[in-house]
Structures are given as structure tokens and as C-alpha cells.
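Architecture and fold: a report
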Amino acid sequence: MTTDLAARAPAPTEHGELLRWVAEVVALTRPDDVVWCDGSRAEWDRLTTQLVDAGTFVRLDEKAKPSSFWCVSDPADVARVEDRTFICSELELDAGPTNHWMHPAEMTAVLDDLYRGAMVGRTLYVVPFCMGPLGAADPKLGVQITDSAYVAVSMQVMTRMGARVLKALGSDAPFVKALHSVGAPLAPGQADVAWPCNETKFICHFPETREIRSYGSGYGGNALLGKKCFSLRIASVMGRDEGWLAEHMLILKLTSPAGAVHFVAAAFPSACGKTNLAMLSPTIPGWTVQTLGDDIAWMRPGADGRLYAVNPELGFFGVAPGTGPHTNPHAMTTLERGHTIFTNVALTDGGDVWWEGATDVPPAHLTDWHGQSWTPETGTPAAHPNSRYCTPMAQCPILAPEWDDPAGVPISAIFFGGRRRSTVPLVLESRSWAHGTFLGATLSSETTAAATGAVGVVRRDPMAMLPFLGYHVGDYLQHWLDVGARAGSAAPKIFYVNWFRRGPEGQFLWPGFGENSRVLKWAVERIEGTASGVQTPLGVVPTPGSLDLDGLDVDPADLAAALAVDREQWRDELPLLEEWFATIGDRLPGALRDELTDLRVRLG
Ligand code: GTP
Ligand code: SPV
Ligand code: MN
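Residues numbered from 1 in each chain as written. Chains lettered and ligands numbered in written order. Predicted model: local features only at pLDDT ≥ 70, side-chain atom pairs only at ≥ 80, totals over all residues. Heavy atoms only, no water.

In the annotation of an unreviewed UniProt entry, the entry for the chain reads Phosphoenolpyruvate carboxykinase [GTP], and the organism field reads Rhodococcus antarcticus. As recorded by UniProt, the Subcellular location (unreviewed entry) comment attached to the chain reads in full: "Cytoplasm". Reading the Function (unreviewed entry) entry of the UniProt record for the chain gives the comment "Catalyzes the conversion of oxaloacetate (OAA) to phosphoenolpyruvate (PEP), the rate-limiting step in the metabolic pathway that produces glucose from lactate and other precursors derived from the citric acid cycle." (UniProt positions renumbered as here; feature names shortened; annotations may be inferred.)

Some points on the pattern of salt bridges
On inspection of all chains with the given rule, the structure shows 32 salt bridges. Notably, a salt bridge pairs Lys253 with Glu402, separated by 2.8 Å at the nearest N-O pair. With a gap of 149 residues between them, Lys253 in strand 12 (residues 249–255) and Glu402 in the loop between strand 23 (388–392) and strand 24 (409–417) connect regions that are remote in the sequence. Residue Lys253 is classed as buried on the basis of its relative accessible area of 10%. One salt bridge connects Arg587 with Asp475, and the closest N-O pair in it is separated by 2.5 Å. Taken together, the residues span a long stretch of sequence, with Arg587 in the loop between helix 15 (567–584) and helix 16 (590–603) and Asp475 in helix 12 (residues 473–487) at a distance of 112 residues. A single salt-bridge network, built from bridges that share partners, covers Lys227, Lys228, Lys274, Asp295 and Glu313. (Salt bridge = Lys/Arg side-chain N within 4 Å of Asp/Glu carboxyl O. Helix = DSSP H or I, 4+ residues; strand = E, 2+ residues; numbered from the N terminus. Buried < 20%, exposed > 50% of the residue type's maximum accessible area, 1.4 Å probe, protein only.)

With respect to the nonpolar core
In this structure, Met249, Met299, Ile411, Ile414, Phe416 and Trp480 are the most contacted members of the largest nonpolar core, which totals 98 residues. Considering every element that reaches this core, the biggest residue donor is helix 5 (residues 149–158), with eight residues. Excluding its chain neighbours within four sequence positions, the residues that come into contact with Ile411 are Ile251, Phe263, Val264, Ala265, Met299, Arg306, Leu307, Ala309 and Pro492. Grouped together as the second largest cluster of nonpolar side chains are 33 residues, Leu426, Val427, Ala523 and Leu552 included. (Core = buried A, V, L, I, M, F, W, Y, C linked by side-chain atoms within 4.5 Å. Contact = heavy atoms within 4.5 Å.)

Re helix 1 (residues 16–29)
Spanning 14 residues, helix 1 covers 20 Å between terminal C-alpha atoms, matching the ideal 20 Å at 1.5 Å per step. Buried within helix 1 we find Leu18, Trp21, Val22, Val25, Leu28 and Thr29. Down the axis of helix 1, the sector holding all buried residues measures 130 degrees, keeping them to one side. Within helix 1, the exposed residues directed more than 90 degrees away from the buried face are Arg20, Glu24 and Ala27. Immediately beyond the C-terminal end of helix 1, within one or two residues, lies Arg30, with a positive phi of roughly 55 degrees. (Expected span 1.5 Å × (residues − 1). Arc of directions from axis to C-beta.)

Considerations on the sheet that holds strand 17 (residues 315–319)
Ordered by their spatial adjacency, five strands build an open sheet running 2-3-18-23-17, and the pairing between neighbours is mixed. The open sheet is flanked by strand 2 (58–59) and strand 17, the only strands paired with a single partner. Of the strand pairs in this sheet, strand 3 (residues 69–71) and strand 18 (residues 341–343) are connected by three bridges, and their pairing is parallel. The partner of Phe69 across the bridge, within strand 18, is Ile341. (Pairing = 2+ DSSP bridges.)

Brief notes about the coordination of the manganese ion (ligand 3)
Within the first shell, the manganese ion (ligand 3) binds the protein through Lys228 (NZ), His248 (NE2) and Asp295 (OD), at distances of 2.1 to 2.5 Å. Taken together, the six donor atoms coordinating the manganese ion (ligand 3) and their angles of 65 to 172 degrees define a geometry best described as irregular. Here the donor residues for the manganese ion (ligand 3) map to a single chain with the spacing K-x19-H-x46-D. Linking Lys228 in helix 8 (residues 226–242) with His248 in the loop between strand 11 (245–247) and strand 12, this pair joins segments that are 20 residues apart in sequence. Residue class for Lys228 comes out buried when judged on its relative accessible area of 6%. (Donors = N, O, S within 2.8 Å, 3.2 Å for Na, K, Ca; no water. Tetrahedral: all angles 85-135°; square planar, octahedral: opposite > 155°, others 65-115°.)

What follows is the structure, given as C-alpha cells:
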């Protein structure tokens, strides 16, 4: 068994609560070693080399992908496990109808049984981290304990972590306790597997005590606890209590040819286009997009009443398939610059990586995500549909200069969008904040490979937050209404988009990707009062001439179909909205019920 030298060093902190908690977890889980992560380059080199030696990582060709690694997970550990995700509030009612719930005491007992001895034969890593800039007035600190070196190095990419955070913790700063174990202890002499995990999985949140406990999975959203667990589920509760919003949103900076700047935040469900929109290459001349974040936005009201957004993360954990030089060249550049961990993509014979969409023509031979030999004739995808790259944001060639500003950026527009083959038009402008909140509250989307379970099933996904709400969905929607009411006329304008509508042959009606810049342009011109629109029962849509279609090569019939608001389809949608609101129950805000009534009246 390897003994980590760093474990010999004394704990580099005088934080009493932290020391007490680490000692308690050590006593419960009984690891062989304890390592306090410092976030250094030396640590990256040491842990990645260890992962190569253990057979978890394959080092990629240094020229193609410097200091980068390929790994494949256990085939049963490839995505978030929503059916194993729990909000353990004291009262079941506070978790709401959309979350799984267990009483905190009961869940703690279940988990303690699982954690007992769970780290035997492994090293326990202590990872101090901060979500959002460390220089914030109220930095959101956390400490993750994990028995996975893969998780420890991934946290180095995804979060501000290590010695500087330990320093910020001082001797008594509050922090979120985030405990993670893959649940795979090793008996003396037992050989490890490349991707340890456990069939039993629990992803648990304790909103009242701001704690996270995760067991059995090594996959991203289940295991990198700063991301969905802290920055959405726990932070949504912090935001409710402190008057701000923690959202599943990208943040981008849009600059017009005249130099007008607008910051846009957009919420789309998992694998529905946030990373791609965040890094979009506009096809319309003179417009630029720069990136601030691709997955999570924390939006706080500023002194001027506007909402200021900060991205709590430091890296991109992006969907690989579909990412290529034509769709998302900036993501390709980001991940090619190195320090990237690829999970469940395919490996080329030359020590590079490949996935569907990386190039038009696949290589003649690959090692697929099962570790099997693959050729284009194999007939199965070489990369898992939810395969991911984990890469430092700072490497993004179009990073906006404001990306690390603790003050955040003032948001002009919020986009909600889903993946719908029918019914939902390309773009709609809401009539008001309450109407925009209604559009977000009734957002629907086809499920994707980002979570386990069936793919392609339409479900309601309010604000793309269904899997990430830390409390009752009705209270959350009321919080949205309250935040907007406080912002008043300074509130962002809300739009609703759908890049995924399809024609009778199954073809996408709208080309998407860089062409989505045309929709961004229309939205900011609506805000500036220079683009025209026409009222429909659903909201305002572009008039024929107001959407810039210059140089766009698209069948006019497809375009018309993409933009169409079909009253019949929407009348059919009404009972589904009614059903969804019934699920929310009596905590559904009255203002949203009124919006549904108004919609029914407008549809006639
Ligand atoms: P998460 O990281 O899971 O939260 O996903 P995301 O919302 O960031 O989605 P991402 O941008 O990674 O896109 C997911 C998939 O949708 C990829 O395969 C993309 O190629 C595809 N996609 C993104 N934007 C568009 C678009 O405008 N049109 C079409 N047709 N596909 C798109
Ligand atoms: C998502 O599923 O929305 C992701 C990936 O962004 S994960 O971090 O695994 O949740
Ligand atoms: Mn996401």
C-alpha cells in the first residue's frame, strides 16, 4: 500500500471546527492516510501521476493535450443519480414535492453505517474550497473530504481551492461540510479497480446545517460537491435566506458593433446548450460574445437594484459529444491548452481523445469508453453521450475580463430554454417579470443523458432547476417573484428560447450554435427599444423583418415553423401546465396561477 508523504505533515490549520470534523470523519471511515490539499502544481503532478500508476488515468500525448488525462468510469457510474438525491430538511414539507426526502437524523444513521470503515485502505483528502471569488465580501467557503484522488484533482480544476482557502478559513470562519466517499474500502492486499464506486449511492443535502454527504459515486455532479450540491442545492437555500438567486445558468457578455455591452444569463436543463451559448461565435458581423460562466450563476441585487451575477466555479465540466471546431471552437481551444481531465470519451491510438462530433470523420481505430477496441463499423458510440471534459476556465480564449470580479456583472436579460421537438417557438419575450417567472416555472424539456434514467421524455423543469432545488419549488417560485419585485424596473428582461424544434423529417428547424447570436441580438434590441415584435398569446415574437437573417442559409419554411406559435398545440399544453401546478400544491404563488388563467384567456 502506498503511503503518502504529505500525510506525515501536521494539519496545516488551527480551525477548531474543521480539525474536529476531520478527526470525526477519520474515526468513522478509518482511512490509511490523511492528505491536506494545497492546490499547488506539485500536487497536481503528484496526484495525476498516482492516478496513472493506479490505472485510473492514461496520460495523453503531451503535444496534443499537455498535462491532460483520459479515464473511463465504471459503466454504472456515468451520470447524476436523481433518484438517489435527497434533500434532508427537518420537515418533509420544506423539501417540497419535487425532491426525495428523509429526516436528517434517519439519513445520518443510514449514511454513518455506510461510511463506517468506508475509507480503509485509501487516502482521505481534505480539500478546502471557495465557490466564487475569494475576495468577495462574504466568500462562500467549503471543505470537501474525499477518498478519491480523481475528485481531488478535479476539484483543483473546478474550484478555487487549497492553501489560500485554508488561510481564508482562519481559525473560525463558517464553512459547508461536504463529505464524499466512493464507498469502496480495500482489504489488506486487495487490488484496487480503476474506478472504485459502490452500487449503493446517496447524494444528500442538509439545508438547515448546510451540509452535504455523498456516497458511492465518483461521477461529476455526484462527487465534485462544490458544483451542483453546494452551488445550487445548498446555495439556493442560502439565496432564499439572504435575498439572492442561485441558478443553473451560464453568464455571457454580448457587445454590439456600436460597443453597447449587455450581460446575459441563461438557464437550460442539463445537456441543453449552456456551454455552447456561453462560448458562442457570432455569425453576425461586428458582434462579440465573451464568457463568464457555463453552468451556474449566483445573482445578487446591487445597490442600483440590478441583479449582479457571479460564476461560483473555476472550470468547465462540459459535455464532450457535439463539441467540435464548427460548433464550439472556443471550448476546443480551452481544453487543448492542457490540464484537462477527460472522462468516458474515446482514446485514439496516438494518445489523443475523440468523441462523436469532435471531427466529421472518425479515426479508423479507437479505444471506446468501455475500454474496448472500436472502429467506425462497431455501431455503438465511441464516447458515452454524457462523457465530459474538465478544464480550467482561465484557458478560455474568449474569457470576459470581468470573470473574476467579486462584484459580478449586471444582468440585462435572462433566457430560459428547453429541448422541445415541437410547440415551443424559437424565441419569446415575456410580458413582465411575473410572466417571465411563469415561463421559467413551466419550462419543459426532454430528458438527456446527463442524468440516469430514460432519455427524451418531456418533463417540467422549472428554471432548469428541477434536479437542483434545495427547498420547496413553490417557495422557490415565490422567491423569484419577490426578487423581481424588489428589482422593479431594474430587473432583467426575461426571454424564452428553443433551439431544438424539429421538422417532419426530424431535422432541426433552426441551425443553432453561432446562429443563436441572431436571437441574442433581437433580445438586446428589444431591451434597447429598437427591434419590433408582435404580441402572441404566449408573449412577444419577432416581426418578419426584426430578426437579423442576413447571410443565413435556412429554408424559409423551416424558419417560419421554428418561429410559429400554434394555438392548437398550446391549448393542448394547458392541461399539462394545470397538472404541473397541481403537483406544486398550495405553495404555488397566486401570481403564477393568475398567469395561467390569463394565458388560457388569451388562447381563447
Ligand atoms: P450541462 O453541462 O449538462 O449543464 O449541459 P449544457 O446545458 O452546458 O449543454 P451543452 O452546451 O454542453 O450542449 C449539450 C448538447 O447540445 C451538445 O451535444 C451540443 O452540441 C448540443 N447543442 C448545444 N447548443 C445547440 C444548438 O444551438 N442547437 C443544437 N441543435 N444543438 C445544440
Ligand atoms: C449537469 O448535469 O447539469 C452538469 C453536469 O452540469 S454535473 O456536474 O454532473 O451535474
Ligand atoms: Mn449543468
